[in-house]
Amino acid sequence: MDRRNVLRAGVVGGAAAAFSGALWKEAFAAPAQPGPGPYGALQAADANGIMLPSGFTSRVIARSSQTVPGTSYTWHAAPDGGACFADSSGWIYVSNSEVSAGGASAVKFTSGGTVTSAYRILSGTSTNCAGGHTPWNTWLSCEETSTGRVWETDPWGVNAAAARPAMGRFKHEAAACDPVNHVIYLTEDQSDGCFYRFIPNTWGNLATGTLQVAKGGSGTNVTLTWATVPDPDGSPTATRNQVSGVKRFNGGEGCWYDNGIVYFTTKGDNRVWAYHTATSQIELAYDDSLVSGTPPLTGVDNITGSATSGDLFVAEDGGNLEICVITPDDVIAPFLRITGQSSSEVTGPAFNPVGNRFYFSSQRGTSGSSSGGITYEVTGPFRS
């Protein structure tokens, strides 16, 4: 029996012992299964090499090592995690740079989508991977190194970026803010990584607070408890090894909060997890080993959501370079595919504030090099 069938049998067998009838159906609505997507089948690749559903179009916003059209700013290498921020009647898209020089940049748009400026918002850091949008409109840029920090940055580029060491020094990947419980969740990109939460002493001020790590069994549907990390600096003992009984996650990646649920991905086992903040329960929203037939999503990486529809959009690092959509009724399907860029990965998915434009990057573009990254915008009939 292969890995997929072993895991499916284990999950179903264990569930049958504990649930039945309506409670079974409610508790195990997830993980998502392939089905017809809400936007229909992908069409032939457009002039940019992007396969999209009917009615959608793409345009190139920026290319690494080249001037952003309409500005005098040279776009950074290896674009990675990103987010959008409302700006008067327009918006700003911020993007990390996952190279040793690191940092982050921003592009500013009018309400009609015209680029008006681009600029640097973070310098002097290393391997900035993903991050998160705060309710007070700052961008948390995460360093993916063993002593990496979270940097709080200003999308407008006015205020200087600030390191937030109280949020821990480890191989940071992404962050998601829970504005109800005043908690920030953090993922760790290690094969034996952990899932963390940071509780600021004052909501809106990340200079001080408590870093905690999740504890739980080895199962995929368990209740998590939280323990304080004794030394967030992670030296000499790494944060993930300071507390006994922690729950291990195989390569933490993207993280997204929506309506009481924290969704995060793990690339080592191609899973999307759902953590319910009210009950502290964690379950699988997607697992390629539990899919009937060929899994549509592999190389699970960055994740974002649509505030209007509740859909999740998950990018691939590898696979066939798709962004897949997971609907609230647990159907997963491709939303777009990048062609002709097999040595790249898909990064930085984000919607503009009104939800009618979608941004993402191909980190290494057609060249396969960090200097060849391409950042795109997609427009079309996104559902509400």
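Bear in mind the structure is a predicted one, so any value in this text is a computation, not a measurement. (Residues numbered from 1 in each chain as written. Predicted model: local features only at pLDDT ≥ 70, side-chain atom pairs only at ≥ 80, totals over all residues. Heavy atoms only, no water.)

Here the focus is the confidence of the model for the protein. With 92% of its residues at a pLDDT of 70 or more, the protein shows a mean pLDDT of 92. Note on residues 1-28: pLDDT under 50 across the span, and 30 contacts to partners over four residues away in sequence or across chains. (pLDDT = per-residue confidence, 0-100. Contact = heavy atoms within 4.5 Å.)

One open sheet holds the four strands; their spatial order is E4-E5-E6-E7, and the pairing between them is antiparallel. The open sheet has two free edges, formed respectively by strand E4 (79-87) and strand E7 (115-122), since each of these has just one partner strand. Strand-to-strand twist across the sheet, computed as the mean angle between neighbouring axes with direction ignored, equals 20°. Strand direction decides the pairing type here: E4 and strand E5 (residues 90-97), joined by seven bridges, are antiparallel. Following the sheet pairing, Pro79 is matched in E5 by Ser97. (Pairing = 2+ DSSP bridges. Helix = DSSP H or I, 4+ residues; strand = E, 2+ residues; numbered from the N terminus. Axes fitted to C-alpha atoms, helices over the stretch in contact; angles between N-to-C directions.)

Counted residue by residue, strand E22 (residues 300-305) has six buried out of six residues, so it is predominantly covered. As defined by bridge partners, E22 adjoins strand E23 (residues 312-316) across four bridges and the pair is classed as antiparallel. Along E23, the bridge assignment pairs Gly305 with Leu312. Connecting E22 to the next strand, E23, in antiparallel fashion are six residues, including Gly310 with a positive phi near 80°. (Buried < 20%, exposed > 50% of the residue type's maximum accessible area, 1.4 Å probe, protein only.)

Following the criterion strictly, the structure yields 13 salt bridges and no others. One salt bridge connects Glu143 with Arg149, and the closest N-O pair in it is separated by 3.9 Å. Given the relative accessible area of 7%, Glu143 is considered buried. Judged by its relative accessible area of 24%, Arg149 is partly exposed. The residue Arg240 makes a salt bridge to Asp192 at a minimum N-O spacing of 3.0 Å. (Salt bridge = Lys/Arg side-chain N within 4 Å of Asp/Glu carboxyl O.)

Our next topic: the side chain of Arg164. The residue Arg164 is located in the loop between strand E11 (162-163) and strand E12 (172-178) in this model. Judged by its relative accessible area of 17%, Arg164 falls in the buried class. The residues contacting Arg164, other than those within four sequence positions of it, are Val150, Glu152, Leu206 and Ala207.

Next up on the list: the environment of Gly372. Structurally, Gly372 is set in the loop between strand E27 (357-362) and strand E28 (374-379). In this structure Gly372 comes out as buried when scored by relative accessible area, which is 18%. Each C-alpha atom, one on Gly372 and one on Pro79, is 9.5 Å from the other, the two residues being 293 residues apart in sequence. When neighbours within four sequence positions are excluded, Gly372 is seen to be in contact with Ser64, Arg364, Gly365, Thr366 and Ser367.

Let us look at the packing of aromatic side chains. The description of two aromatic rings rests on the distance between their centres and on the angle between their planes. Evaluated as defined, the whole model comprises 32 aromatic pairs. Ring centres of Phe313 and Phe358 lie 5.4 Å apart, and the angle between their planes is 45°; this geometry places the pair in the tilted category. With Phe313 in strand E23 and Phe358 in strand E27, the pair connects residues that are 45 residues apart, well separated along the chain. On the basis of relative accessible area, Phe358 is assigned to the buried category, the value being 0%. One aromatic cluster is present, built from ring pairs that chain together Tyr39, Phe56, Phe313, Phe335, Phe351, Phe358, Phe360, Tyr376 and Phe382. (Phe/Tyr/Trp six-rings, centres within 6.5 Å; stacked < 30°, edge-to-face > 60°.)

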